[in-house]
Amino acid sequence: MAHNSFRGSKHGRRGEANHEAEFRCSLQELRSLMELRGEESVTKIKESYGDAIGLCARLRTSPIEGLAGNSEDIDRRIEAFGQNLIPPKTPKTFLQLVWEALQDVTLIILEVAAIISLALSFYRPPGGDRQNCGKAAGSVDAETEEEAGWIEGAAILLSVVCVVLVTAFNDWSKEKQFRGLQSRIEQEQKFTVIRGGQVIQIKVSEMVVGDIAQVKYGDLLPTDGVLIQGNDLKIDESALTGESDHVKKTVDKDPMLLSGTHVMEGSGKMLVTAVGVNSQTGIIFTLLGAGEEDIGEAEGEEKAEKEKKEERKKKRDKRSKREDKGKKAKNKDGATEMRPLNEDGEPKKKLPKKDKSVLQGKLTKLAVQIGKAGLFMSSLTVLILITRFLIDTFVIQGVHFTNECLPIYVQFFVKFFIIGVTVLVVAVPEGLPLAVTISLAYSVKKMMKDNNLVRHLDACETMGNATAICSDKTGTLTMNRMTVVQTYIASRYYKKLPEPDLIPAVVLDLLVQGIGVNCAYTSKIMPPEKEGGLARQVGNKTECALLGFSLDLRRDYQTIRNEIPEEKLFKVYTFNSVRKSMSTVLKNPDGSYRMYSKGASEILLRKCSKIVMGPGKAKSFKPRDRDDLVRKVIEPMASEGLRTICLAYRDFPDADGEPDWDDEAHILTNLTCIGVVGIEDPVRPEVPEAIRKCQRAGITVRMVTGDNINTARAIAIKCGILHPGDDFLCMEGKEFNRRIRNEQGEIEQERIDKIWPKLRVLARSSPTDKHTLVKGIIDSTVLEKRQVVAVTGDGTNDGPALKKADVGFAMGIAGTDVAKEASDIILTDDNFSSIVKAVMWGRNVYDSISKFLQFQLTVNVVAVIVAFTGACITQDSPLKAVQMLWVNLIMDTFASLALATEPPTEALLLRSPYGRNKPLISRTMMKNILGHAVYQLTVIFTLLFVGEKLFNLDSGRNAPLHAPSSEHYTMVFNTFVLMQIFNELNARKIHGERNVFEGVFNNPIFCSIVLGTFIIQVVIVQFGGKPFSCVQLSIDQWLWCVFLGLGSLLWGQLVSSVPTRWLRFLKTAGHGTQQEEIPAAEMEEMEDQDEIDHAEMELKRGQVLWCRGLNRISTQIRVVNAFRDSVSPYEGLETPESRSSIHSFMSHPEFRMEDSVNHIPLIDEAECEDDPPIKRNSMVLPPPLTGLSATLPPPPPSPSPNQNNNAAEHIAPLPGMIAPNSPCPGSPMHSLETSL
C-alpha cells in the first residue's frame, strides 16, 4: 500500500521489484499475517517462515543484533513498508474560522441592520418638502446628509469585520498552539530498539519494519510485531478488542503484538512487522477516518471504538441504572458525556464535542441569563423609541401621513432598530468565551515553563479547586536517585557499605550474580554526561541502586550479563504489584535450576526457610529469627526512611525432576536469604516547603506508596505530611482493605468515610487500593463541599486511579506510556513542587475570569441603562452605534486579553479552594459592580442633562436625524470610555483589596492594552469625525473628562470600605449547574463562609483594637477597685494565710507571662459585647505551658484538619481572668498581678 505510488514510473517498478527481492516478504503478506490471532498465527508463521527467526531472516534483520541502523537501509524500509506516522487531521483554514465566527446571531442582526441602513442612506425620496414630514426630519442641507447617511452603516460593518477577524484569529492561534502541544507530546514519546547490537531509544516515528524492539511493563506499543522472546508477558488488548482480560503472550501460543495495546506485565523482544497506516491502529483509523473528520489521531479512534462498545454493553446490562450512572459516569472534566443515538440504538458515528467543564458550565449559564436580560432591554428600547416617535409626529405635531414621507419614516425606524441592536450587542457578553480561552491558553503556555505539560485544557482550571492530593512517594516527593547505604549480609549489619574483602567470597558471588541476572537487562548504570558528575541511572531506579551496589563492591554486573545473555534466562517472574517481587530462573549445565529473587523485605522474608551465615553456610531460618531480623535490622532501616529489599535464592536439584513453573505459590517458597539492603532515596529539598504551601492553601496531601509503612512514615515526617504528635492515620493497604469492607467483602462508602478524613499515609498499597481511596474521597458526602482530588501516578496500574481522579498527574520521566495516556497533566520534571504551581495557575484562571466579569458587567449595566434611558428621554441613544461597538471592543477583546493574562501570585495560596458550587460573582464583586455603576451613571446623566450648562456647550439632545455631532455628546462618550479605562484597574482586585496598582507592572500586556486603548480613544475623539459621531475637544474639556475618569479610582476606595456583610440584599450569580439541588439556607451559609472581603477584615482589625482599648480601661478600673478593697473596714478579720502572696501566685505556673504572639487574644466583636467587668472570677483555661501541673486537663482538640496551621487558635488567658482554685480571689495583690 505504501509503495503504490511507485507504480507509475519504470524506476518505481524496478524499485519495487528490488524491495520484494531484497526483503522476500511483501507488505500485503505482513498485513494479512497481522490479522491472525492465537494458534492461527503460530501455524501461519510455521508454514510460511519456519519460525519467528525465519521471518527475521526474510526481513533482513538479526534477532540479537537488530538492524544495522545505516540511513540507506532505513530509507529503503520506509519506502517498502511505510513510515510509522498516522497523518493528522487537516486543520481548519483561517477562512473557515472566519465563516464560523460570522455565524454569531447578534453579528448577523447587526449586519442586516447595517445593510438596510446603507441601502436607505442612498435612497433619495422624490422631491417633496421634508418640512412636511415633521420636526424630527430636520432641515440639514442635502450634501451633509448624503455624506453622513452611509457612514454609520459602513462603520457598523467595519466594526463587525473587526470583531470577526479578532475572533477568527484567536481560534486560529488556539488551534495552532494545540497542534504544537500535540506534536511535542508525540515527539517526546520514545521506544527502546536494538540497532547494531546496541540498545538505544529512538522516536516512535523513526521505527521501521524489521526493527527489534524491547517491550517492557508499562509500554504502549507503537507498532505491530511478532514476539521473538518473552518473559511472563501479559497485554491489555481492550483498546482494540474491548475484552478487559489481560492476554498472555508466548512465542509458541500467541506471538502477535498489536499497536495501541498496553503491556501490563513482563518483558520481551518483538520484531516490528507493520507501522503507521498499515498497523492495526492505522487500519482502523483509515477505515473510520475516511468518513469522519472529528477524530485527529489513532488513539482517538481506539478510544471511540472502546467507548462505543462499553456504551452498548452498559445499555444492555444496566438499563435500569441509567439515571444513576448518568450522575456518576464522570468524564475528564467532571461532567457526563452523552451520545446521540441513531435508529438501531447505537451511537452515531459523529462524536460530539466534550462536555463543558465546571467553569464553562457556570459561564454559559451566566451568559445566557445576561443575554436574555439584554434582549428584553433592547426590545423595550426599540418599542419605546417607535411609540414616542409616532405619538410625537402624528399626535402632538399633527402631521398627516403621506407616501413621500414614508422613506424618511423608515429611516427613523431603521435608526431605532440599530440603537436596539447596539444595546443588545453591548449587553451580550460575547467576550466571555474569549476570556476563558485566552486565560486557559495563556496559563497552559506558561505552565509548560513550570514543568506542567497540560493534555486536557480544563484540568488546569479544575486544579484550582483541588482539595486533596494523593501523591506517590518515589520520584515525586523523593529524588528518585536511589543508592544502597546500609546492608545486612552474612549475619552482619553494616551501617556503611562494607569493603568487598569483609564479605565471604561465596556470599559475594551469590550476591553479585543474583543482582546481575535478576535485574531487568534494560536497567543499567551509564557513565556521567559531564566530567565529575553522578553516574546516570537508566531504567528502574531500585534496580539501578542494586547494580550500583554491585559496582561499589568492585564487581562488574556487565560481565555476568555477557556470560548469561537475556536469551539464556530460563524463566522470569517479572515484578508486579501483586507479587511485590521479581525472580529469575537459570538452568545449570548439570540439569538443575537456580532461582534468584528480590523483593519487599517483609514479604520475601516470610518465604525464606534458610539464611546465609558468616562463612557462607546456610542455616535454618525460623519465624523467631525472622522477627529478630525485622526488629534489629529492617525496622531501624525503615525508621531512617530507607527502602528495604531482601535478596534470596533457591536451588532445584536435578534429582527432584522439573518443577511445575506455573505453580508460583510452590516455586516461591523455601528460599535462602542472602541479605537485606537499605536503599536511600533522599527527599527533594523543595518538597517540604511545597507541602507547607499546600496545607496553608487548604489542600490535604496524602502519601500513597507501595513501600514499607515505617519507611513511608519516616519520609512523610521529613516532608511535613505528618508532624510528631498529630493524630492522623498511617496504615497499610491490607488494614485499609479490612476496615472498608463488610462481612461479604464489599466496599462500603460509610466505612471509607470513617477513615479518609484522617488518613495521611497509605503504605504497601496496591493500585486497586489507590483507586478505591480516590473514588471513596470523590464520592464522599461527609463534608459539605465535594472533594476535588488530584492524583500522581507513574505505573501502568495507576491508570484507573489517574482516570478516576479529577486531575491525574503522570510522571514525565519515570512514568509509563499507559500512565501518561490516562493523565490530564504530565509533570516533565516528576517534581511535587510543580503540582503546587499547577494549583496556583488553576486558581489564577478562576480569578482572571472573575476579574473580567467584574469589569464587563459594570460596562454592561452602565451602557445598557444609558442607551435605554437616553433613548426613552431624548429619542436617541447618547452613545451611537459605532461608539457602542468601540466600547464593546474595549470591554470584550481588549479587557479579556488584559485581565485574563494576570500572572499568579503567592497570595493565591493563602486561601482555601473555592469549591465546585462557588458562584462566579461573589457578593463582594456584586458590590463592586453596582457601586461603580452608580458612580458612572451619576456622572453620565449629569453630563447628559446638565452638562451643556456646566461646560457652556450647545445641547446635543433632541437633534434631528442627520444632525452633525456635538461637543456635548462627544464629552459624554469620552468620559464614559475614560471611566472604563480607569475602572479596568479597579477590576484587578475582586476581594475588595485597597491597592489596585499592586503588581501592575508585572503584567506588560495589561499596561500596554490600557495605554493603547487610551491613545486610540484620543485619536477617535480628535480625528474620528463623522464615522464615530465625534468632534474635537479642547484641552480643558479633556482634563475634565480625565478628572471624571480618575474619579472612579477614588470612588473604588470608598466602595471597598463598605463591608459586604452590610449588604445582605445583594445576590450572587453564576452558580454551577447543581445550584438547584442545594437548599437556599445552606447556600447562604456557604456563600458567607467563602466570601473573602478585605473591608470586613479591616473592620474586624479596628474592632479588635477598640476592644483591647476597652479591656485595658476595665482592667485599670479593677486594679483601682482592688486597692480600695484592701483598705476595707473588714481588713483585720482576714487571716494572713488567706491573703494571696506573690509566692502563691508564682506557684501557679499557668499564669506565667509569655511574650508570645500566639497568645494575644483574638477578640471578636461578639466576645467584647458580653465581656463586662463582672465576669471577674471566671476563666478560660489556657493551653498547658512549660511545667504545667499534671492535674490540668489537656487542651481541646483542634478543629482544623491540619494541626500545624492552628498557631492562632491557642486561647490565651484574657486580662482579669482568675484561676478558680487560687486562694481568695478578691485579695489586692492577686488582683494586681493577674490584671498585669
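In this text the structure is predicted, and so the values were computed from the model without any measurement.

Thresholds applied
Residues numbered from 1 in each chain as written. Predicted model: local features only at pLDDT ≥ 70, side-chain atom pairs only at ≥ 80, totals over all residues. Heavy atoms only, no water. Helix = DSSP H or I, 4+ residues; strand = E, 2+ residues; numbered from the N terminus. Buried < 20%, exposed > 50% of the residue type's maximum accessible area, 1.4 Å probe, protein only. Contact = heavy atoms within 4.5 Å. Areas by Shrake-Rupley, 256 points an atom, 1.4 Å probe, with all protein chains shown as cover. Axes fitted to C-alpha atoms, helices over the stretch in contact; angles between N-to-C directions. Parallel < 35°, antiparallel > 145°, perpendicular 65-115°, else oblique. Left-handed = near helix turned anticlockwise from the far one by under 90°. Nonpolar A, V, L, I, M, F, W, Y, C, P; charged D, E, K, R; others polar. Expected span 1.5 Å × (residues − 1). Core = buried A, V, L, I, M, F, W, Y, C linked by side-chain atoms within 4.5 Å. Pairing = 2+ DSSP bridges. Phe/Tyr/Trp six-rings, centres within 6.5 Å; stacked < 30°, edge-to-face > 60°. Salt bridge = Lys/Arg side-chain N within 4 Å of Asp/Glu carboxyl O. pLDDT = per-residue confidence, 0-100. Patch = residues over 30% accessible without salt bridge, like charges linked within 9 Å, V, L, I, M, F, W, Y side chains within 5 Å.

S.K.: Lay out the overall build of the chain in plain terms, naming residues and giving numbers.
M.R.: Each helix and strand in the chain was counted, giving 40 helices and 26 strands. Of all 1236 residues assigned to the chain, the portion counted as buried reaches 51%. Restricting the contact set of the chain to residue pairs at least 6 apart, pairs at least 24 apart contribute 74%. Accessible surface, the chain as shown: approximately 56700 Å² in total, 58% of it carbon and sulfur.

S.K.: Tell me about the packing of helix H14 (residues 406–427) against helix H30 (residues 832–874), and please be specific about residues and values.
M.R.: The N-to-C vectors of H14 and H30 enclose an angle of 170°; their axes lie 9 Å apart at closest approach. Considering the angle they form, H14 stands roughly antiparallel to H30. Like other packed secondary-structure pairs, H14 and H30 cross with a definite hand, here left-handed. Of H30, the residues touching H14 (which contributes Val 423, Val 426 and Ala 427) are Asn 860, Ala 863, Val 864 and Ala 867. Split into classes, the residues belonging to the contact of H14 with H30 amount to 6 nonpolar, 1 polar and no charged.

S.K.: So what's going on with helix H33 (residues 967–986)? Residues and values would help.
M.R.: Under the 1.5 Å per step criterion, the end-to-end length of H33 is 29 Å for 20 residues, consistent within 8% with the ideal 28 Å. A large share of H33 lies buried, amounting to 19 of its 20 residues.

S.K.: Can you tell me about the nonpolar core, naming the residues and giving the values?
M.R.: Within the largest apolar cluster, 127 residues are counted, with the highest numbers of intra-cluster contacts made by Met 463, Phe 809, Phe 832, Leu 853, Ile 921 and Phe 973. For this core, the element with the most residues is H30, which contributes 22 residues. Ignoring anything within four residues of it in the chain, the contact list for Phe 809 reads Asn 452, Met 463, Ala 790, Val 791, Thr 792, Gly 793, Leu 802, Ser 823, Ile 825, Leu 827, Ile 835 and Ala 838. Residues Phe 81, Leu 233, Leu 240 and Val 275 belong to the second largest nonpolar core, which totals 40 residues.

S.K.: Can you lay out the sheet that holds strand E8 (residues 452–454) for me, pointing to particular residues and giving the numbers?
M.R.: The strand order across the open sheet formed by 8 strands is E8-E26-E25-E24-E9-E21-E23-E22, and the pairing between neighbours is mixed. Of all the strands in the sheet, the pair left with one neighbour each is E8 and strand E22 (729–732). Taking each pair of neighbouring strands and ignoring which way they run, the sheet shows an average axis angle of 20°. When strand E9 (residues 468–471) meets strand E21 (residues 700–704), the two strands line up parallel, connected through 4 bridges. The partner of Ile 469 across the bridge, within E21, is Val 701.

S.K.: Explain the pairing of strand E10 (residues 483–489) to me, using residue names and the numbers behind them.
M.R.: The buried fraction of E10 amounts to 5 of the 7 residues, a majority that puts the element mostly inside the structure. By the bridge criterion, 6 bridges tie E10 to strand E20 (residues 671–680) in an arrangement that is antiparallel. Residue pairing in the sheet places Ile 489 in a bridge with Gly 675 of E20. Relative to strand E11 (residues 492–494), E10 runs antiparallel, the two sharing 3 bridges. Residue pairing across strands places Ile 489 opposite Arg 492, the latter belonging to E11. Two successive antiparallel strands, E10 and E11, enclose a turn made up of 2 residues, where Ala 490 displays a positive phi of approximately 50°.

S.K.: Run through the packing of aromatic side chains, naming residues and quoting values.
M.R.: Enumeration according to the criterion identifies 19 aromatic pairs in this entry. With centroids separated by 5.9 Å and ring planes inclined at 85°, the aromatic side chains of Trp 1040 and Phe 1043 adopt a geometry described as edge-to-face. In this pair, Trp 1040 and Phe 1043 both sit in helix H35 (residues 1035–1055), 3 residues apart, roughly one turn of the helix. Overall, the relative accessible area of 43% leaves Trp 1040 in the partly exposed class. Linked through ring pairs, Phe 389, Phe 394, Tyr 409, Phe 412, Phe 413 and Phe 416 together constitute an aromatic cluster.

S.K.: Can you explain the pattern of salt bridges? Please cite residues and give values.
M.R.: On inspection of all chains with the given rule, the structure shows 32 salt bridges. Among the salt bridges present, the one from Lys 92 reaches Glu 100, with a minimum N-O distance of 2.8 Å. Overall, the relative accessible area of 39% leaves Lys 92 in the partly exposed class. Residue Glu 100 is classed as partly exposed on the basis of its relative accessible area, which comes to 39%. Two residues, Asp 219 and Lys 216, come together in a salt bridge whose shortest N-O distance is 3.5 Å. Accessibility expressed as a relative area gives 7% for Asp 219, which makes it buried.

S.K.: Please set out the confidence of the model for the chain residue by residue, giving values where relevant.
M.R.: Of the residues in the chain, 75% reach a pLDDT of 70 or more, and the chain-wide mean stands at 75. This stretch, residues 291–355, has a pLDDT under 50; its non-local contacts, to residues over four places away or in other chains, come to 103 contacts. Under a pLDDT of 50 for its full length, residues 1128–1236 has, in the predicted model, 118 contacts with residues more than four places off or in other chains.

S.K.: Which residues make up a nonpolar patch on the surface, and what values go with them?
M.R.: Taken together, the side chains of Phe 94, Val 161, Leu 165, Phe 169 and Trp 172 make up a nonpolar region of the molecular surface, amounting to roughly 440 Å² of accessible area. Broken down by element, the residue count for the nonpolar patch peaks at 4 residues, all from helix H8 (residues 142–188). One can find Phe 169 in helix H8. Among the residues examined, Phe 169 registers a relative accessible area of 46% and is labelled partly exposed.

S.K.: Let's hear about the environment of Val 836: which residues, and what values?
M.R.: Tracing the backbone through its elements, the reader meets Val 836 in helix H30. C-alpha of Val 836 to C-alpha of Leu 909: the two residues are 73 residues apart in sequence and 8.9 Å apart in space. The residues touching Val 836, leaving out its near neighbours within four places in the chain, are Ala 690, Lys 693, Cys 694 and Leu 909.

S.K.: Quick one: what's the story with unusual backbone geometry, residue by residue and with numbers?
M.R.: Even without being glycine, Arg 60 reaches a positive phi, approximately 55°. By the secondary structure assignment, Arg 60 is in the loop between helix H4 (52–58) and helix H5 (71–81). Classification of Arg 60 by relative accessible area gives partly exposed; the value is 45%. Even without glycine at this site, Asp 830 takes up a positive phi of about 55°. Locating Asp 830 in the fold gives a position in the loop between strand E26 (825–827) and H30.

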